[in-house]
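# Understanding the architecture of this molecule
Listed below, chain by chain, are the residues.
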Amino acid sequence: AIPALEVSGLSVEFPSRRGTLLAIDHVSMRIAPGEILGVVGESGAGKSITGLAVLGLLEHPGRISGGEIHVGGRRVDTLSEAELTKVRGREMGAIFQDPLTALNPLFTVGKQLVETIRLHSDMTKQAANARALELLQSVGIPAPEERLRQYPHQFSGGMRQRVVIALALAAGPRLIIADEPTTALDVSIQAQITALLRRLCDETGVGIMLVTHDMGVIAETADRVCVMYSGRVVESGPVEDVIHNPQHPYTKGLMAAIPSLHDRVETLAQIDGSMPRLNARPPGCAFHPRCPHAGPKCSAATPPLVSVGTTSAACWLQQGGCQ
Ligand code: SF4
Ligand code: MG
């Protein structure tokens, strides 16, 4: 099958007066139709920038400086702004942390859904209305006929995020970028929303990039995971394998933050320190100042991402050692 998303060797830079910051350094990832790829890492890892680059929504002066992005087999990083706007609406949906940013407070949910549906199809108003109703039903909103006539402020946070998910699905996209979609919601609602994404992915065959800082969300929801650190992918593979047999010391540290997994994997007690700033990325393996296994080689050379069994990792430990 044609991948929903294929990112190869993507680099993103932010020119500034003090020089150019390389925010994303040769990142590659692939999402099959009907698959959820979890992209995980602490704040500053470059997860959101990767998602924004795919959507063509990098904030000025950020720009793609290398690599390629294909959505549904079509190269999108070279499209003009006008072409990209069309492709983005039809082929890609986006869900962000705060559902209010995606909704217009002045229009009913029904009007917003119908307009989005009609913008990307030649449906009559009546057909689009029927489709809007169906979408609200599919995202689990009770009494959808009534809800179509209501405004965003009349919905709870969780219900609002369901509306945003319905909007993201309205044009029948191949790919959805969901960036921290549950972070702003009550803990009791979070699992419902991730379960909804899982079901919609299975039912519609849309590919989902699920960006989160929470390895627990990945463990419950994703098929495969991509762990990012300081603008690079440091480990990737099937979720089960990465969770039960993490290779990279940073992944092991992230796992330690999931309480339910504490007794199942050998982990670092915690990762001391914090993600380096982009203008101060340490040389070699950027994780070396925080890594309990770091040796002389780690600050001298950047480890490439290589296959380690069913997963891939970028760490000298699996490549002849750190001395
Ligand atoms: Fe730690 Fe070295 Fe591996 Fe980086 S390359 S994660 S510093 S052991
Ligand atoms: Mg982010």
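Residues numbered from 1 in each chain as written. Chains lettered and ligands numbered in written order. Predicted model: local features only at pLDDT ≥ 70, side-chain atom pairs only at ≥ 80, totals over all residues.

### Here we look at the sheet that holds strand β7 (residues 175–179)
Definition in use: Strand pairing requires that DSSP identify at least two bridges connecting the strands. A run of DSSP states H or I qualifies as a helix once it reaches four residues; a run of E qualifies as a strand once it reaches two. Both are numbered from the N-terminal end. In this description, a line fitted to the C-alpha atoms serves as the axis of each element, helices being fitted only across the stretch in contact, and the angle between N-to-C directions of two axes falls anywhere from 0 to 180 degrees. Think of it this way: build a C-beta for each residue from its backbone, and any pair within 7 Å is a contact.
The strand order β6-β7-β8-β3-β9-β10-β12-β11 describes an open sheet built from 8 strands, whose pairing is mixed. Of all the strands in the sheet, the pair left with one neighbour each is β6 (92–95) and β11 (306–308). Strand-to-strand twist across the sheet, computed as the mean angle between neighbouring axes with direction ignored, equals 20°. Here β6 runs beside β7; their pairing, made up of 4 bridges, is parallel. Paired with Gly93 across the two strands is Ile176, which belongs to β7. Its contacts with the sheet place helix α1 (residues 47–55) against β3 (36–40), β6, β7, β8 (207–212) and β9 (224–229), and it is angled at close to 150° to β7.

### As for helix α6 (residues 157–169)
Our working definition: The span one expects for a helix is its residue count, reduced by one, times 1.5 Å. Here the C-beta atoms are placed from the backbone, and a residue counts as buried if at least 20 other C-beta atoms lie within 10 Å of its own, exposed if 12 or fewer do, and partly exposed otherwise.
For α6, which comprises 13 residues, the first-to-last C-alpha distance of 19 Å matches the rise-based estimate of 18 Å (1.5 Å per residue) to within 8%. Of all 13 residues in α6, 11 are buried, a share of seventy percent or more. Packed against the buried residues of α6 are β6, α3 (109–119), α4 (125–138), β7 and α7 (187–204).

### Digging into α1
Burial analysis of α1 places 7 of its 9 residues in the buried class, which makes it a mostly covered element. Lys47, Ile49, Thr50, Gly51, Ala53, Val54 and Leu55 are the residues of α1 that are buried.

### Some thoughts on the site of ligand 1
Selection criterion: Near, as applied to residues and a molecule or strand, means the residue's backbone-placed C-beta atom lies within 6 Å of it. Residues are grouped as follows: nonpolar covers Ala, Val, Leu, Ile, Met, Phe, Trp, Tyr, Cys and Pro; charged covers Asp, Glu, Lys and Arg; every other residue, Gly included, is treated as polar.
Not every one of the 14 residues close to ligand 1 is listed here, only the nearest: Cys285, His288, Cys291, Cys298 and Cys315. Residue classes in the shell around ligand 1 are distributed as 11 nonpolar, 3 polar and no charged.

### Regarding the packing of α6 against α7
Heads up, the rule is: An angle below 35 degrees is treated as roughly parallel, one above 145 as roughly antiparallel, one from 65 to 115 as roughly perpendicular, and anything else as oblique. Handedness of a crossing is defined here by the sense of rotation of the near helix relative to the far one, left-handed for an anticlockwise turn of less than a right angle and right-handed for a clockwise turn.
At a closest axis distance of 10 Å, the pairing of α6 and α7 adopts a crossing angle of 20°. The angle between the axes of α6 and α7 places the two elements in the roughly parallel class. Seen along the crossing, α6 lies across α7 with a hand that is right-handed. Within the contact between the two elements, α6 uses Gly157, Gly158, Gln161, Arg162, Ile165 and Leu169 and α7 uses Ile189, Gln192, Ile193, Leu196, Leu200 and Thr204. When its residues are assigned to classes, the contact of α6 with α7 shows 6 nonpolar, 5 polar and 1 charged.

### Details of the confidence of the model for the protein
In low-pLDDT regions, the fine details of the predicted coordinates are not to be read closely. The criterion, for reference: The score called pLDDT rates the predictor's confidence residue by residue, from a low of 0 to a high of 100.
Put simply, the protein has an average pLDDT of 93, and 96% of its residues get 70 or more. In the predicted structure, residues 262–269 sits below a pLDDT of 50 and forms 13 contacts with residues beyond four places in sequence or in another chain. Quick note on the complex model: pTM equals 0.94, ipTM equals 0.97.

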